[in-house]
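This is what each chain is made of:
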Amino acid sequence: MKKTLYFLICFTFLLLWSSCRKDFNFSSSNGNLGFSKDTVYLDTVFTNIGSSTYNLKVYNRSSEDISISSVKLALGESSEYRLNVDGIAGKSFENVEILAKDSMYIFVETTIDINDLPNLENEFLYTDKIEFDAGSNQQTVDLVTLVQDAVFIYPDKDNTTGVIETLTLDIGGQEVETEIQGRYLETDELTFTNQKPYVIYGYAAVPNNETLNIEAGARVHFHANSGLLVSEGASLQVNGELSTDQEILENQVIFESDRLEPAFANVPGQWGTIWLLDGSRNNIINYATILNAAVGVLSEGNPDSIIDNLTITNSQIYNSSNFGVLGRNTSISAENLVINNAGQTSFAATLGGRYNLTHCTIANYWSSSFRQFPALLINNFQETEDATFVANLTEANFNNCIIYGNDNPEFIIDEIEDAALVFNFKFTNCLVRFSDTNNTFSGANYDFDDTTKYENIIFNQEPDFRDSSANDLIIGDDSAANNQGNTTFASQVPLDILGVNRTASPDLGAYQHITFE
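Residues numbered from 1 in each chain as written. Predicted model: local features only at pLDDT ≥ 70, side-chain atom pairs only at ≥ 80, totals over all residues. Heavy atoms only, no water.

Let's shift gears to the layout of surface pockets. Any space left empty among the atoms is revealed by the rolling of a water-sized probe across them. Within this model, the largest pocket holds a volume of roughly 1200 Å³. Looking at the lining of the largest pocket, the elements with two or more residues in it are β3 (39-46), β19 (219-222), β22 (253-257), β25 (288-291), β27 (310-320) and β40 (472-475). The class makeup of the residues in the lining of the largest pocket is 20 nonpolar, 18 polar and 12 charged. The computed volume of the second largest pocket comes to approximately 320 Å³. Thr350, Phe373, Leu377, Asn379 and Phe381 are the residues nearest the centre of the second largest pocket, which is lined by 14 residues in total. Secondary-structure elements contributing two or more residues to the lining of the second largest pocket are β28 (323-342), β29 (345-358), β31 (376-379), β32 (381-383) and β36 (411-414). Here the residues of the lining of the second largest pocket sort into 7 nonpolar, 4 polar and 3 charged. (1 Å grid on protein atoms, 1.4 Å probe; cavity = no way out; pocket = protein on both sides within 12 Å on 5 of 7 lines; lining within 4 Å. Points joined across faces, edges and corners; volume = space filled by probe spheres on them. Helix = DSSP H or I, 4+ residues; strand = E, 2+ residues; numbered from the N terminus. Nonpolar A, V, L, I, M, F, W, Y, C, P; charged D, E, K, R; others polar.)

Structure (structure tokens):
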């Protein structure tokens, strides 16, 4: 009985409150709106590719409920911008209400075809305004977008079934159908120039016996789950050059995502990989920057070829969600290579092979999640659900290198012993992070007194990177790597990654040290 009486009292109170409530009285806006920003920059977008959604907050700081007579784009229906006001999409709105001391969001997007605009060197700054009210009360917020023309490469799609073209690979003379979305590049697509950026959807594959040449200054962008694939008998030649401006990197070849917004600048795993298949040949990467991939470079096969499957020099690989470089029973030569920030391993030499790294900085300061593996991983096997495969590690030489990171140890030598196989490696004049306080690592591969495996090694001393969190691995005056290089190896790579001569007093790693400001 008490409960029923309580609900009747509450219900009566609500009825009385509702009957006494006055309707909101909205006054006309008087031009005193506040805004979260005076200009909405939508960053750079590629032609015909929709932007991210950006927001503008509009404030009514007065003590009165107001009605804005009109909210519209200055260019009207012809504007390339799209608005969403209070959940309603459009380009023009009337009598938009905001309560006293309240605010509302306006969301802005755009998709622009640069061919519809006056084009200046493949870029165009597209602008418009959001107009609030009219006459003497009018207020405006600018909208600005840089539109960039591009070359788009994407697989065919069946308009009836929606099925997207997939790659058929020639592996050992047999055609193998895959589920990898993509297509082979045509003959007239086998040179990427620096005239326009390239935007790739799916995997762009280099056909058998063909070479993809990428010119200095080229920019290659990948959509999610996309990449480059170099097939059997094919080759990749990345012909970057030293840049004078280390911010713009005008002569480097840059591989990155097609998400150009600053919020995505350092997000790992936005695209797939540069995949060098077993049987591809003489792949050369010089002065390249590879950003935000799942695997920066995946090199497979050709462990015994006279010419290495991959030669990578003067290059940087950052923010890989899995591996910076992953080698599987392959052959890799690297000089002045810098790798940092990989979700698993910065450089993985797996299933044996042949590896020679000189004056390289192999670091890993990953902080986005738990990291299971070290900066450098070397093994001679690969495990599957059904079997474990082992192979020769013909050689793995690390000369004048820095191998460091925010974990310890930062290199692991993992061998499945087999009397029929060789397992050869050597570190010469390297700064490494490795301590084994729990005696977890033992055996001949961790005998640091064995000069056939370890010679002139500096353990656990500070490399003095300028800012490892920002992928800035230049070393400073206090680096333990300074003047510790073997001059013979330095003479083989006389210039550091920035073009500084190192032969007189070589430092370890890819950079000669500088004095930080």
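For the structure shown, the criterion picks out 11 salt bridges. Among the ionic pairs, Glu300 bridges to Arg328, the shortest N-O distance being 2.8 Å. Note that Glu300 is positioned in strand β26 (residues 293-300) and Arg328 in strand β28, a separation of 28 residues in sequence. Take Glu300: its relative accessible area is 15%, and that puts it in the buried class. (Salt bridge = Lys/Arg side-chain N within 4 Å of Asp/Glu carboxyl O. Buried < 20%, exposed > 50% of the residue type's maximum accessible area, 1.4 Å probe, protein only.)

Another aspect to go through is the pairing of β26. Burial analysis of β26 places 8 of its 8 residues in the buried class, which makes it a mostly covered element. Across 5 bridges, the pairing between strand β23 (residues 271-276) and β26 is parallel. By the bridge assignment for β26, Leu276 is matched with Ser299. The pairing of β26 with β28 spans 5 bridges and is parallel. From the neighbouring strand, Glu300 faces β28, where its bridge partner is Arg328. (Pairing = 2+ DSSP bridges.)

With that out of the way, let us pick up the packing of aromatic side chains. Under the counting rule described, the total for this entry stands at 24 aromatic pairs. With a centroid separation of 6.5 Å and an interplanar angle of 75°, the aromatic rings of Tyr203 and Trp275 are classed as edge-to-face. Pair noted here: Tyr203 is in strand β17 (residues 203-206) and Trp275 is in strand β23, with a separation of 72 residues, a long-range link. On the basis of relative accessibility, which here comes to 10%, the residue Tyr203 falls in the buried class. (Phe/Tyr/Trp six-rings, centres within 6.5 Å; stacked < 30°, edge-to-face > 60°.)

A word on unusual backbone geometry. Apart from glycine, the bulk of residues carry a negative phi angle, and the bulk of peptide bonds sit in the trans form. A cis amide bond links Asn408 to the next residue, Pro409, at an omega of 5°. Along the chain, Pro409 falls in the loop between β35 (402-405) and β36. One non-glycine residue with positive phi stands out, namely Asp43, at about 60°. Take Asp43: it is sitting in strand β3. Despite not being glycine, Leu351 shows a phi value in the positive range, around 55°. Mapped onto the fold, Leu351 is located in strand β29. By relative accessible area, which is 14% here, Leu351 ends up buried.

A separate point is the side chain of Gln148. The topology assignment puts Gln148 in strand β11 (residues 139-148). For Gln148, a relative accessible area of 18% translates into the label buried. Discounting chain neighbours no more than four positions away, the residues touching Gln148 are Thr44, Val45, Phe46, Thr47, Ile114, Asn122, Glu123, Pro197 and Leu260. (Contact = heavy atoms within 4.5 Å.)

The next point concerns the side chain of Thr358. Residue placement: Thr358 occurs in strand β29. Within the structure, Thr358 has its side chain in polar contact with the side chain of Asn399 (distance 3.4 Å). (Polar contact = N/O pair within 3.5 Å; in protein donor to acceptor, adjacent residues only side chain to side chain.)

Turning our attention to the sheet that holds strand β9 (residues 102-110). An order of β2-β4-β9-β6-β7 is seen for the 5 strands of this open sheet, with the pairing classed as antiparallel. Looking at strand neighbours, the two that pair on one side only are β2 (34-35) and β7 (88-90), the edges of this open sheet. Across 5 bridges, the pairing between strand β6 (residues 81-85) and β9 is antiparallel. The residue bridging Arg82 from the neighbouring strand is Glu109, located in β9.

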